Amino acid sequence: MEVDVLRPDPVFVYELSTIPALESRSKRNIVQDHRGERIVSEFINLIKLSVGTESVEGLQAWQAGPRPKTEDGLPRHVTRMWPKRSADILNGGSIYWVIKGVVQARQKILRLDEYDAGDGIRRCALVFDPTLIRTETALKRPFQGWRYLHPMEAPADLRQARTSDTALPPELAAALADIGVR
């Protein structure tokens, strides 16, 4: 029996044909859901260290001040790098905040504004919804700047009943996240 090595495997062709717009794969996240099925996500999140912040309340208090706000009063964070996947971010992405080595909250990203501090360098102002949404805790090692965070890797939001709970001290939240308790 002859085997045609140039003919693609029919299972492989079928599997790829079930993924819409494969040619624009760089703009989409192909991930697996909890059942192991492939899904295509149209958005991407960011993750960022909140340097100098001790708690979610501290981040909220800092954002309430005049400096980190846009002209329309929304909180922002200015960064040197403009995200290449800005369309994916603006299609429903959030920024996940790492506080004291633990992901603890997220904010919806509303828009990206160009920002110039007067030195002629183009910067990106990430503009957020003012509402901080608490998430399940997840340990995160230190890193510089921001990183993309795929939706399936992002910690889940806390259930509504738990959002009014008193926040755990960061060290305890980190220890619990380290052993897998959320």
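Residues numbered from 1 in each chain as written. Predicted model: local features only at pLDDT ≥ 70, side-chain atom pairs only at ≥ 80, totals over all residues. Heavy atoms only, no water.

A short note on the nonpolar core
Selection criterion: For this analysis, a nonpolar core means a set of buried residues of the types Ala, Val, Leu, Ile, Met, Phe, Trp, Tyr and Cys, connected via side-chain atoms within 4.5 Å. The classification of residues rests on relative accessible area computed with a 1.4 Å probe and restricted to protein chains. Under 20% of the type maximum is buried, over 50% is exposed, and intermediate values are partly exposed. Each helix is a run of H or I in the DSSP string that is no shorter than four residues. Each strand is a run of E no shorter than two, and both are numbered from the N terminus. When checking whether two residues touch, look at their non-hydrogen atoms; a contact exists if any pair is within 4.5 Å.
Core analysis: the biggest nonpolar cluster contains 16 residues, and Leu 46, Ile 95, Trp 97, Ile 109, Leu 126, Phe 128 and Leu 132 have the highest contact counts within it. Listed by contribution, the elements that provide at least two residues to this core are helix H2 (56-64), strand E5 (94-99), strand E6 (102-115) and strand E7 (123-128). Non-local contacts of Ile 109, meaning those with residues more than four positions away in its chain, are made with Leu 46, Ile 89, Leu 90, Gly 93, Ser 94, Ile 95, Val 127 and Phe 128. Residues Tyr 96, Val 98, Ala 138 and Phe 143 belong to the second largest nonpolar core, which totals nine residues.

Observations concerning the confidence of the model for the protein
For the record, the criterion: The score called pLDDT rates the predictor's confidence residue by residue, from a low of 0 to a high of 100.
Overall, the prediction assigns the protein a mean pLDDT of 78, with 70% of residues at 70 or greater. When mean pLDDT is compared element by element in the protein, E5 scores highest at 96, while helix H1 (residues 10-17) scores lowest at 35.

Quick look at the side chain of Arg 123
We apply this condition: Definition of a polar contact: a pair of N or O atoms within 3.5 Å, with one able to donate and the other able to accept a hydrogen when the atoms are protein atoms, and with sequence-neighbouring residues admitted only if both atoms are side-chain atoms.
As for its placement among the helices and strands, Arg 123 is situated in strand E7. According to the relative accessible area criterion, Arg 123 is buried, its value standing at 16%. Here Asp 119 takes part through its side chain, which lies 3.0 Å from a polar atom of the side chain of Arg 123. Ignoring any residue separated from it by four or fewer positions in sequence, one finds Arg 123 in contact with Val 78, Thr 79, Arg 80, Trp 82, Asp 113, Glu 114, Tyr 115 and Ala 117.

Examining the environment of Pro 169
Secondary-structure assignment places Pro 169 in the loop between strand E9 (146-149) and helix H4 (170-178). Look at Pro 169 and you get partly exposed, because its relative accessible area is 43%. Separated by 114 residues in the primary sequence, Pro 169 and Ser 55 place their C-alpha atoms 8.2 Å from one another.

A look at the packing of aromatic side chains
Let me state the cut-off plainly: Working definition: a ring pair exists when centres of Phe, Tyr or Trp rings (six-membered ring for Trp) sit within 6.5 Å. Plane angles under 30 degrees give stacked, over 60 give edge-to-face, the rest tilted. As a reminder, the over-ring test applies to NZ of lysine and CZ of arginine, requiring each to be within 6 Å of the ring centre and within 35 degrees of the ring normal.
Under the counting rule described, the total for this entry stands at two aromatic pairs. For the pair Trp 97 and Phe 128, a centre-to-centre distance of 5.7 Å together with 80 degrees between the ring planes defines the contact as edge-to-face. Remark: Phe 128 occurs in strand E7 and Trp 97 occurs in strand E5; sequence separation between them is 31 residues. A single burial state applies to Trp 97 and to Phe 128, both of which are buried. Between Trp 146 and Tyr 148, the ring centres sit 5.2 Å apart and the planes meet at 75 degrees, which makes this aromatic pair edge-to-face. Note on Tyr 148: relative accessible area 29%, which makes it partly exposed. One Lys or Arg, Arg 122, reaches over the ring of Trp 82 and ends 4.3 Å from the middle of that ring.

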